[in-house]
Amino acid sequence: MSNKGEHDKVIEPEMRQKEVESESDDNSDDIYSDEDDCHEFNAMKAISNVAKFVCSTEVDPRIVSSDSFTGFMKLLNPHFELDYTAVQAECVAIFLKEKSKIMEILGNFDGEISVSVREMGMTKSFVLVSLHFIDENWSLKNWVIKFCSLVKPSFVSPCDVIVESLKDWSIKNKVSTVTMSSFFDDDAFDFIKEHGLEDKKLSLNGDLFRVYCCSDCISSMVQNAFEEVEGITDKIRCLYNPKSEPLWYLTSSKLKDAIELWSMGEFSSENVTDYSDVPTVEEWNRVEQVCNIVESIYKVAYGIFHKELVTANHFLYLLNEIRAILVPISIKPESFERDIAKGMLEHLDKYLKDMFLVLAIAAVLDPRFKMKYVEFTCSQLWGSSVSNGTDDGISKAKTFSDAIRDLFDDYVSRYSKTVSSSSSSLMQGYKQFIKSQKCDTKSELDLYLEQPIMPWSDDFSVLNWWKTLSMQYPILSKMARDILAIPMSLTTSYEAFYTEPRPVQKYLRVNSKMANALVCTRSWFRKDSTTTSP
C-alpha cells in the first residue's frame, strides 16, 4: 500500500494542524480502523503516534530514520514507509495544536506569570524562555514557550526573543517578574519592561520585576574560590585526574581524592620523578581548605536544587545556611582560609541584599517563617550601626514589612472589586456602615501573621498548606500563589552545579521549527514540569 499521499499532507505543519483540529472527537491512537470489521492500517495515525512519542520523550528524533526503528515499523506493516520529514512536520503540527490549548489556559488564568530566560550552548548562542505559575489547583507549572538560536537565521539578542515571545503568546499583561542570569544588567530588564510589557502596571513600582539567578551566584562564589588556587590545581591535575570536570562539586570531589592520596604519601617529590613541579605541603593545605568550604556549601546547595521545581520560599533560609558556614571562617585570625571565606561572603551578601525583597516576601508566605524570620535575617545582614545610634537591621525589617503590606494592599484593591461588584446592595450598605463606625477590622495579612509560627518540618508542602487555607485567606492566597511561583534559579537538579554552559544537542541545532517544537512540547508533556510539592 502506498502512503506517499499521506506524507504529502503533513509536510506543512500549519496545514496539518487544521486537519488535526477538524478530525472527529475520537482521540483513539489505534493505527487500525475497525469500520466494517476490516482492519485497515492508518498511515497518518501511525505517523502521528510516532510524532507524539518523539514530542513527549527525550530521544533523538533522528531515531525514526535508524534501521532498527524503520525495521520495527516494517514489522507492523511491511508496506509502511516512515518518512522523517513527515514526522518532523507532524511534531510541529502537534506543537501548534498544544500551543493553542495552552494559550487558552493562560488567557483564562487570573494570576500573575513569572518568566525565566536562560542562555544555552557553549557559546551561549541559544535562548530558552519559560513560564512559571501556580494554577488554580495549586500545581506549580514550568512551561517552555520559546527555544531558538540567537545567530540563525539572523542575529538577535535574548531581550528581543523575550519581547517577541510575550507578544506571540499574548501574556504581556500577566507578567510580573523576569529571572535572568547575573550577567545581564539592569538595562536588559528595562528594555523588556519598555518593549514587552508596555503599559502593564507592576507591583511595588516594579521592584519585584528584576530577579537574578541564585545558582549563578553560588557557582560564581565557588569558581572564584577555585581561581585562588588555580595554579596549584593545575599541578594536581598533572598528577591526578587531568580532565577538568564541568560540575563544581565533582571538581571538589576529585581534588579531595587527590588530597587523600597525597596524605598517604602518593604524590611526594621522591615518588613523582616525571614532574618537577609538585605542590608543596602549604599548597596542598590551601586546596584542602577550599575544598572543605566548597563541600560544606554543596551540602546546603543540594537542599535547594535537588528537586526539579522549587518554590521561592526555600531560598532565603538555605542561602542563610550557606552564610552561616562562611561567617565563622571569615572572622578567623588572618589566614588563607579566612580570605577565601570573606570573598565568598561578600559575593553572597550582595546577592542577598539585591534580591532580599522577593526572598523576604516568599519567606513571609511560608508559615514556618513569617515576618520573624525576615527580622532575624535583617539583623544578620545589616546588623546595627553604633555610630549613628540606629539599628539598621530593625530599620530594614520595617522597610520590608511595609513593602509586603503595600503589596497586599495592591492585591486587595485588585481582587476586592470583583467581590464588591457581586455583592448585594444590602451587603454593600453594611460595608459602608462598618467603615462609618470606624471598626478596627484586621486584614487577612494581619490575621495570618498573628497565627503562631508552624513547627519546622522538612517535608512540609507550602502549596498544599495554601491550597487547604485558600478559603480562609482568599486574597492573601492569590498573592502567595504568584510570589511562590517566582523562579529564583534558572537551573535546578544537577544542572545547577555546572561551571560552564552545557552544549545543546546536535539535533536541536539544525531545524529551528522542529527544535522549538520539541523543547516546548517536551516541557508541556513532562511529568516533572508540574508539581504540588514545595
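Residues numbered from 1 in each chain as written. Predicted model: local features only at pLDDT ≥ 70, side-chain atom pairs only at ≥ 80, totals over all residues. Heavy atoms only, no water.

Chemist: Go over the packing of aromatic side chains with me, naming the residues and quoting the values.
Modeler: Scanning all chains against the criterion turns up 31 aromatic pairs. With a centroid separation of 5.5 Å and 80° between ring planes, the pair formed by Phe 133 and Trp 143 is classed as edge-to-face. A residue pair is termed long-range when its members are at least 10 positions apart, and Phe 133 in strand β4 (residues 126-134) and Trp 143 in strand β5 (residues 140-149) qualify at ten residues. Here Phe 133 and Trp 143 have matching classes, each one buried. In this structure an aromatic cluster arises from ring pairing among Trp 248, Tyr 249, Tyr 298, Tyr 302, Phe 305 and Phe 497. A cation over a ring is seen here: Arg 414 above Tyr 411, with NZ or CZ 4.3 Å from the ring centre. (Phe/Tyr/Trp six-rings, centres within 6.5 Å; stacked < 30°, edge-to-face > 60°. Helix = DSSP H or I, 4+ residues; strand = E, 2+ residues; numbered from the N terminus. Buried < 20%, exposed > 50% of the residue type's maximum accessible area, 1.4 Å probe, protein only. Lys NZ or Arg CZ within 6 Å of the ring centre and 35° of its normal.)

Chemist: Can you explain the side chain of Ser 219? Please cite residues and give values.
Modeler: Position of Ser 219 among the secondary structure elements: in helix α8 (residues 214-227). Of the residues examined, Ser 219 reaches a relative accessible area of 6% and is grouped as buried. For Ser 219, the contacting residues outside a window of four places in its chain are Trp 248, Tyr 498 and Thr 499. (Contact = heavy atoms within 4.5 Å.)

Chemist: Kindly report on the pattern of salt bridges, identifying the contributing residues and their values.
Modeler: Summed over the entire model, instances satisfying the criterion amount to 26 salt bridges. When the shortest N-O distance is used, the salt bridge between Asp 110 and Arg 481 registers 2.6 Å. Placement of the pair is Asp 110 in the loop between α5 (84-108) and β3 (113-120) and Arg 481 in helix α20 (residues 476-484), with a sequence separation of 371 residues. In this structure Arg 481 comes out as buried when scored by relative accessible area, which is 6%. (Salt bridge = Lys/Arg side-chain N within 4 Å of Asp/Glu carboxyl O.)

Chemist: Could you give an account of the packing of α8 against helix α11 (residues 281-305), with specific residues and numbers?
Modeler: Following both chains from N to C, one finds α8 and α11 inclined at 170°, their axes separated by 11 Å at the closest point. With respect to α11, the axis of α8 lies roughly antiparallel. Facing Cys 214, Ser 215, Ile 218, Met 221, Val 222, Ala 225 and Phe 226 of α8, the residues of α11 in contact are Val 290, Val 294, Ile 297, Ile 304 and Phe 305. Of the residues belonging to the contact of α8 with α11, the class tally is eleven nonpolar, one polar and no charged. (Axes fitted to C-alpha atoms, helices over the stretch in contact; angles between N-to-C directions. Parallel < 35°, antiparallel > 145°, perpendicular 65-115°, else oblique. Nonpolar A, V, L, I, M, F, W, Y, C, P; charged D, E, K, R; others polar.)

Chemist: Give a description of a negative patch on the surface that names residues and reports values.
Modeler: A cluster of like negative charges, contributed by Asp 185, Asp 187, Asp 190 and Glu 194, occupies part of the molecular surface. Examined against the element boundaries, Asp 190 turns out to sit in helix α7 (residues 186-197). (Patch = residues over 30% accessible without salt bridge, like charges linked within 9 Å, V, L, I, M, F, W, Y side chains within 5 Å. Areas by Shrake-Rupley, 256 points an atom, 1.4 Å probe, with all protein chains shown as cover. Lys, Arg positive; Asp, Glu negative; His and termini not counted. Charge placed at Lys NZ, Arg CZ, Asp CG, Glu CD.)

Chemist: Outline the pairing of β3, supporting the account with residue identities and numerical values.
Modeler: For β3, a buried count of seven out of eight residues is recorded, marking the element as mostly surrounded by other parts of the structure. Pairing between β3 and strand β6 (residues 175-180): four bridges, direction parallel. Counterpart to Ser 116 in the pairing with β6 is Thr 179. Two elements, β3 and β4, share seven bridges in a ladder whose sense is antiparallel. Pairing of Arg 118 across the sheet is with Leu 128, part of β4. (Pairing = 2+ DSSP bridges.)

Chemist: Help me get a handle on the nonpolar core, residues and values and all.
Modeler: One finds Leu 326, Ile 361, Trp 466, Met 479 and Met 488 to be the most contacted residues of the largest nonpolar core, which totals 163 residues. Top element by residues in this core is α11. It accounts for eleven residues. Contact partners of Ile 361, with chain neighbours within four places excluded, come to Leu 204, Leu 208, Ile 404, Leu 407, Met 479 and Ile 483. (Core = buried A, V, L, I, M, F, W, Y, C linked by side-chain atoms within 4.5 Å.)

Chemist: Can you lay out the pairing of β5 for me, pointing to particular residues and giving the numbers?
Modeler: Counting buried positions over the ten residues of β5 gives nine, a clear majority of the element. Taken together, the nine bridges between β4 and β5 define a ladder with antiparallel strand orientation. Across the sheet, the residue bridging to Leu 131 is Trp 143, located in β5.

Chemist: For unusual backbone geometry, give the residues involved together with the corresponding values.
Modeler: Here Ser 170, not a glycine, exhibits a phi torsion of approximately 55°, which is positive. Assignment of secondary structure puts Ser 170 in the loop between α6 (158-168) and β6. Although it is not a glycine, Asn 205 sits at a positive phi angle of roughly 55°. Using a relative accessible area of 76% as the deciding quantity, one classes Asn 205 as exposed.

Chemist: A description of the packing of α6 against α7 should follow, citing residues and the corresponding values.
Modeler: The interhelical angle for the contact between α6 and α7, taken along N-to-C directions, is 30°, at an axis separation of 9 Å. When the interaxial angle is binned, α6 and α7 end up roughly parallel. Crossing hand, α6 versus α7: right-handed. Residues Cys 159, Asp 160, Ile 162, Val 163, Leu 166 and Lys 167 of α6 lie in contact with α7, whose contacting residues are Ala 188, Phe 191, Ile 192, His 195, Gly 196 and Leu 197. Split by residue class, the contact of α6 with α7 holds eight nonpolar, two polar and two charged. (Left-handed = near helix turned anticlockwise from the far one by under 90°.)

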